[in-house]
Structure formats: structure tokens, C-alpha cells
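Geometric and topological summary
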Amino acid sequence: TTVSVSASASHAIPTTLYGQMFEDISSGDGGLYAECNNFLFFSALLFTVRKLVLQNRAFQQVTPNTADALNAWTSIGSSASITVIADPSPLSSALPNSLLLSIPPDASGELGFANGGYWGIKVAANTDYTASLYYRLPSALPNGAGSPILTLALQAEDGTRLAAHSTPLLVNATEGWTHISAVLTPIETPPSTANSFTVTVAGFAPAGLEVHFALLSLFPPTFKGRVNGMRADIAETLAEMRPAFWRFPGGNNLEASGQTTATRWQWRNTVGPLTERPGRVGDWTYVNTDGLGLLEYLLWCEDMEMEPFMAVWDGYSLDGTSITGAALEPLIAEAIDQINFVIGDPATSEAAALRASLGRSEPFALTYVEIGNEDNVGRAPGTYASRWNSIVTNLTATFPQLHFMATSLTTTPVLTPTPQIYDIHLYQTPKFFSTDSFFYDSFVRNGMTFFEGEYAATSTNNSNLFGTPDQGRLLWPTVAGSVGEAAFMTGLERNADIVFAASYAPLLGHVNGSQWTPNLVGFDAGNVYKSTSFYVQKLFSLNKGDEYLPSTLPNSSTSGTLFWSVTRWNSTGELIIKISNSAASPAEMTFVLPFETVTTMGTAQVITGAGTASNTPEEPNLVTPTTAQIPTGATFNYTAPAISVTVITLSVQ
Ligand SMILES: O=S(=O)(O)O[C@H]1C[C@H](O)[C@@H](O)[C@@H]1CO
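Residues numbered from 1 in each chain as written. Predicted model: local features only at pLDDT ≥ 70, side-chain atom pairs only at ≥ 80, totals over all residues. Heavy atoms only, no water.

1. Some remarks on the pattern of salt bridges
Enumeration over the complete set of coordinates arrives at 21 salt bridges. Among the salt bridges present, the one from arginine 57 reaches glutamate 35, with a minimum N-O distance of 2.9 Å. Here glutamate 35 lies in the loop between strand E3 (20–21) and strand E4 (42–43) and arginine 57 lies in the loop between strand E5 (50–51) and strand E6 (73–76), a separation of 22 residues in the sequence. Like glutamate 35, arginine 57 is buried. In this structure, the salt-bridge partner of arginine 445 is aspartate 497, at a minimum N-O distance of 2.8 Å. With arginine 445 in the loop between helix H7 (430–435) and strand E23 (449–457) and aspartate 497 in the loop between helix H8 (479–494) and strand E24 (499–504), the pair connects residues that are 52 residues apart, well separated along the chain. The class for aspartate 497 is partly exposed, based on a relative accessible area of 36%. (Salt bridge = Lys/Arg side-chain N within 4 Å of Asp/Glu carboxyl O. Helix = DSSP H or I, 4+ residues; strand = E, 2+ residues; numbered from the N terminus. Buried < 20%, exposed > 50% of the residue type's maximum accessible area, 1.4 Å probe, protein only.)

See below:
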């Protein structure tokens, strides 16, 4: 195959082209959000359903006095009993439940309870873990009752105490809640992640003891040291691909927790002190703490130098109900407040004043606001057109500087005002992606632009893209899937005059229990797993170029297996040639460049392997990119390996 490259660019490659979409789908709580103390997921693993009922750090949205409400917490000491209760004087109205520790008379020893985190807690020596909790005594201790000692600790699987902080229980804490916070710094690294956070009491009165506990938290060091921030190893992995934008809070998890209108994602419940965040049953079958909330998302975008692509709820719930007409008004007001929390002026907007009160008077940068998620015809009760009209007419009047993204099909329903942007989602087979990178070539150029907000090869079975593994579902990205995605992405670059942003979905998933596979990045308590698709996203994002050079078109028929794109960094003239070869045999290519002086040595970064190969927790680095110097020139040959992605970079004067 000979590829002749044009010297003049046809269009710019937008800086926003490669980014990340995020929603809490076994990805926030227990993942990117660094709180260790927590849930076990309802993990509807695709081929089995392991119902590990959630129990969270603050007993949010659980039923008191049930075993389920305790599942992630276990008692320490046979005579200690623990129960989640609806506290008669709760920590806050947002957190009405607490854990009651009851110790009978004449008990002895260290008694209390433990949390095992999310299938473990990673503990490393000389690392600071911030433990905190609230407690209160329902009744004063009898005088002469001694001074019970409360200990917060990190404990290894074999019971070794790795770090501890003890403090006397304030026996006069009966009126209200006492907040304890301590830094635990282990001196040794335990052999595994099967560690626990423990809360124990000793030295209590012979008369026994009752203590209420609430909002028990354990944080490891976070990305950029942000309080209530992100788990550093996961954050650093995501930062590796230098994403240009961050879509949040969903995805389905925007729309409906519990599949009903009443429990949608509500921004106000996700900001302010953690004691004021009630949490909610997310759409992926587990309780979200909402400790990762709107302000944390916005600060994260700034820390990562990403543009927020923020969604507002648009009245549609996944149970098919939707709010229309006048009932939309409070919803539109809520969306206006949400946007004002981000960009408003504290002097004129209550929501912006709330932001200022939380320490951020300056507005955040915001350009794009998405109206709902996948509010397609067929899924929704066909009311998107009227809801879009009401919402966007109002929001455009209030925020004329913002760009609003529609989430329905581009062909139907007809929307007014005409959307400037559509968010298109595409889940398909590796073969689909590796044969059809011309998805956008036929789109009319009429000023409309597109956000390829979710795409991934999910299954080898084109008649069942979301089934179980034995039906073809991918548990992990495969080389064939990643090669397909790369072919598709060369098409995004060729059409970057109308495609301004794209992101693989889902971004993150806990490998011990999740509601979706494959995910771009996997993780467990101790590790982060980079998939072959992650490496494709990273290679394309880091070698984007800023202008597209037309070249000989690939074979666009379904027999096509070889796709490429040529871009350039305008400032340096450096060329980037991205190639996807899905064929089982190498592809001989000749590149003809219209430049006088082309370096004779270029760099080729290659991802290749068996089509079914994946990086897994067992073999996390089975397939990683290799880098080689290759002979180049004004005309040069390159052999694209079978089932491979190549990114060639070469300087051109
Ligand atoms: O069940 S789906 O609708 O396919 O869910 C998909 C589409 C939705 O936007 C996202 O939340 C989810 C996985 O990325």
C-alpha cells in the first residue's frame, strides 16, 4: 500500500480531541475517589452475580438494624456487638445512621470493629494514612468508670498492628459528637492488601459501654495532596494519557439512581462538608457516597488540566419516565444553579456564593454542557425534543457563552434549537471498528460538530454486544479490539473538522467486582492495570499533532484492514503517522512525503500481539508498547506487523 501525503493541512486537530469520560461505575467509590474505608459492591459480574451488599463509611441509604447494613464492617472480640442504627441524635440530617458498639459488663480486651476496604486496603511503610471518625456516648459513664481508650489502627491480615493512634474517650461526650482525626504511619509494609482499618475500645468500665460511631474514614495520600481527593496511583495512570477533557457525572449514573426521577444525581447533595452529603443509590446498583462530588470533579479537572464536559440532568430516568412541561421548571432552575456553582458570580448567584463559601470564589472554566445522557428515542418515552427545547432555550438565555451537547440520535427526533453538538456512542465488535473507520466521512458539513463520547469494542459477537463472556463479551480489552479502536480513531482524526472530542468508555473498573467490562483501566486495592486500549488512547493522545495532512485514503470497504492518519505539529513540522493493521499478516506500506528534508531515522511505537491477548491482573504487562528507530526519508517503507497499532514520529524540515 502506497500512501502519498499532502503538504498542506486540511483541518486542525482540536486540542480537545482525546479525553476521558467518567461516571461512578465501580470506578469512583473504591477507585479513583481515595476513601479506603468502604463498600463492597453489588458486583453484578457479567457472568455471575456476586451480590456483595454495600456498606459504606457513613451507612448512607441503608436500612438500619439489618445485617446488610453492616456487610463491610465486622466486629472484633466475641463480646462486642455492632449494629447500624437510626441514631436518635444523628451526626447530621444527611447522615442519620450510626454504628452502635455495645460492650457488655465485665467484658475485657480490645473490642470493636473493622473494615476491609474494597477487597483489601493497600498499606505501605512510611506512608501517611488519615483516619477519622465521629463518636458519641449515649449516656454518661458511671463515675469511677475508668477512662476507656479508643484506638484507630491499620491491621495486617495476620492481626499485626501496622500503625495505631489511641486517645481516651471523652466520657462527657454525651451531648454531641466528637470528631477524631489521626495520621497513621506504618513502619512496615504488610505482605498483602488484605489489611483492615480497625476501631477498638479498651479499659472500659466493668459496667460495659455503648458508643455510637459515624462517618469513619481512612484516606491514603492523594493526587497532588488534595483533601478528599483522588487515589494517587489511579490518578497518575489517567494523567499518563494527558486527557484534554473530563465528561462527568455520567453516563447512566447521571440519569437515575434507583431508576426513578426522585433519585437522580443532584449536584447540591454532592458539595459541602461530607457530613452534609447523604449519598445515593447509584444507577449501577450500589450506594455512592458522593464524597466525589461536583467541587472535587472541578478541582480534579484543574489538577489534570482538563476541560470539564459537565452534564445536567434532563428529566429522563432509566425506568423510562420523564418530566416534561411545567414540571421541568424546578429542574431547569437546578441546572442553572449547577452551572452557576461552576461559573457564576458569588455576588449575584447563591450557587456561586456557595462555591465561594467552600473556598473557591474564582469561577472554573466551562464551555460544554451536556443535556442528559443517551436520551435516545426508543429508550426515552420520546419526550427529548420538548425537554431539549425547554432546557436549552432557558440555559442559552442564561449562559449564551456555553455550548450545549445533545444526546439523542442525530437523525431523530428533530430538535429545536438545532444542536451545535451531538454526543454519539458506539459499542461494537473489534471487527466493526477495524473495518469501518469511515463512520464520520459521510457526515454533512453544516456547522454541526460531534463528541464521540463513548466507544469501545465490547464483544466479538455482533448480535450480542453486551452479553456474557461465553456469548462473546470481552472481560478485558483485547489487542484485536484495541487495533479496531485505533482504526476508528484514525477516522476521528481524518474527520476532526467535525469531531472535536472522543473518549473510550468506561474509563475505570474494579477488577474484583464491577458492573461493566471491558474497562480502559482496571484496578484493585493495590494495583492499577493498563489495558491494550489504554496504550492506544495514550499513544494517540500524546502524539495528536495539531493539524491533519490528507493522504491516500484507506480501503473503506468492509474488507479494509489497514487504516492510517497523518498529522503534524505545526510548530515543529514533526510528522505523526498512526497505523492500524487488523490483518493477521503484516502490511507492507510505502509513504511518499512531499517534503524536501525528512529525517532518515524516525521513531515507531508499536502495540501488537495475539488478537485475543489482554493485559490482566495475572499478566498485567503481557502487551505493552515497544519503541524502535526505523529508517525513514521523503519516501520510505514500513511493514505494519500483523494485528498492530503503530505511531511513527519523524521530523521534517
Ligand atoms: O447500558 S448502557 O446504556 O449501554 O450503558 C452504557 C451507556 C451509558 O451512557 C454508560 O453509562 C454505560 C457504559 O459506559
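Structure shown, so let's carry the discussion forward.
2. A word on the site of the ligand
Surveying the vicinity of the ligand reveals twelve residues, the closest of which are Glu23, Asn252, Asn373, Tyr427 and Glu454. Glutamate 23 places a side-chain nitrogen or oxygen 2.5 Å from an oxygen atom of the ligand. In the model, an oxygen atom of the ligand is placed 2.7 Å from a nitrogen or oxygen of the tyrosine 427 side chain. Calculation on the ligand without its partners gives an accessible area of 360 Å², and the protein chains cover 86% of this total. (Near = heavy atom within 4 Å. Polar contact = N/O pair within 3.5 Å; in protein donor to acceptor, adjacent residues only side chain to side chain. Areas by Shrake-Rupley, 256 points an atom, 1.4 Å probe, with all protein chains shown as cover.)

3. Focus on the confidence of the model for the protein
When the pLDDT values of the protein are averaged, the result is 92; 94% of them are 70 or greater. Looking at the elements of the protein, mean pLDDT is at its lowest for E5, recorded as 31, and at its highest for helix H9 (residues 532–542), recorded as 99. Here residues 39–55 scores under 50 on pLDDT; set against residues more than four positions off or in separate chains, the count is 77 contacts. Quick note on the complex model: pTM equals 0.95, ipTM equals 0.97. (pLDDT = per-residue confidence, 0-100. Contact = heavy atoms within 4.5 Å.)

4. Re the environment of valine 211
Following the sequence through the fold, valine 211 ends up in strand E15 (residues 209–219). On a C-alpha basis, the gap between valine 211 and glycine 112 in space is 9.9 Å, while along the polypeptide they are 99 residues apart. Residues in contact with valine 211, not counting those within four places in the same chain, are Leu99, Leu100, Leu101, Tyr135, Arg136, Leu137, Pro138 and Leu169.

5. Describing unusual backbone geometry
A cis amide bond links glycine 250 with the next residue in sequence, glycine 251, at an omega value of 15 degrees. Along the chain, the position of glycine 251 falls in the loop between strand E16 (245–248) and helix H2 (252–255). Cis geometry marks the peptide bond from threonine 416 to proline 417, where omega comes out at -5 degrees. Backbone geometry at leucine 215 places phi at a positive 45 degrees, although glycine is not the residue there. Mapped onto the fold, leucine 215 is located in strand E15.

6. Some points on H9
For H9, a buried count of nine out of eleven residues is recorded, marking the element as mostly surrounded by other parts of the structure. Taken together, the buried positions of H9 are Thr532, Ser533, Phe534, Tyr535, Val536, Gln537, Leu539, Phe540 and Ser541. Where H9 starts, the residue carrying a side-chain oxygen 3.2 Å from the main-chain nitrogen of serine 533 turns out to be serine 531.

7. Concerning the pairing of strand E19 (residues 307–312)
Burial of E19 is extensive: five of the six residues sit out of reach of the surface. Relative to E19, E16 runs parallel, the two sharing four bridges. Note on E19: the bridge partner recorded for phenylalanine 245 is glutamate 307. In terms of strand pairing, E19 meets strand E20 (residues 368–371) through four bridges, oriented parallel. Pairing of methionine 310 across the sheet is with valine 369, part of E20. (Pairing = 2+ DSSP bridges.)

8. Some thoughts on the side chain of asparagine 195
Relative to the assigned elements, asparagine 195 resides in the loop between strand E13 (178–184) and strand E14 (196–202). Side-chain polar atoms of asparagine 195 contact the backbone oxygen of isoleucine 121, separated by 2.8 Å. Setting aside residues up to four positions removed in sequence, asparagine 195 forms contacts with Asn115, Gly116, Ile121, Val123, Gln155, Ala156, Glu157, Leu162 and Pro190.

9. Points about the packing of aromatic side chains
Scanning all chains against the criterion turns up 37 aromatic pairs. Measuring from ring centre to ring centre gives 5.6 Å for tryptophan 73 and phenylalanine 113, while their planes differ by 70 degrees; the resulting arrangement is edge-to-face. Note that tryptophan 73 is positioned in strand E6 and phenylalanine 113 in strand E9 (residues 111–115), a separation of 40 residues in sequence. In this structure tryptophan 73 comes out as buried when scored by relative accessible area, which is 4%. Residue classification places phenylalanine 113 among the buried residues on the basis of a relative accessible area of 0%. (Phe/Tyr/Trp six-rings, centres within 6.5 Å; stacked < 30°, edge-to-face > 60°.)

10. Some details on the sheet that holds E16
Strand pairing in a sheet is mediated by backbone hydrogen bonds. Such pairs are either parallel or antiparallel. If you trace the eight strands from one edge of the open sheet to the other, you get E3-E16-E19-E20-E21-E22-E23-E24, paired in parallel fashion. Every other strand in the sheet has two partners, leaving E3 and E24 as the edge strands with one partner each. Bridge count between E20 and strand E21 (residues 403–406): three bridges; the pairing is parallel. Bridge pairing in E21 places valine 369 opposite phenylalanine 404. Lying over the sheet, helix H4 (residues 329–343) contacts E19 and E20, oriented at roughly 165 degrees with respect to E19. Contacting strand E22 (421–428), E23 and E24, H8 crosses the sheet at an angle of about 170 degrees to E23. (Axes fitted to C-alpha atoms, helices over the stretch in contact; angles between N-to-C directions.)

11. With respect to the packing of H4 against helix H6 (residues 384–398)
The geometry of H4 relative to H6 is characterised by a closest axis approach of 10 Å and an angle of 40 degrees between their N-to-C directions. The angle between the axes of H4 and H6 places the two elements in the oblique class. For the element pair H4 and H6, the recorded crossing hand is right-handed. In this structure, H4 contributes Ile332, Ala335, Ile336 and Ile339 to the contact, and H6 contributes Ser390, Ile391, Asn394, Leu395 and Thr398. (Parallel < 35°, antiparallel > 145°, perpendicular 65-115°, else oblique. Left-handed = near helix turned anticlockwise from the far one by under 90°.)

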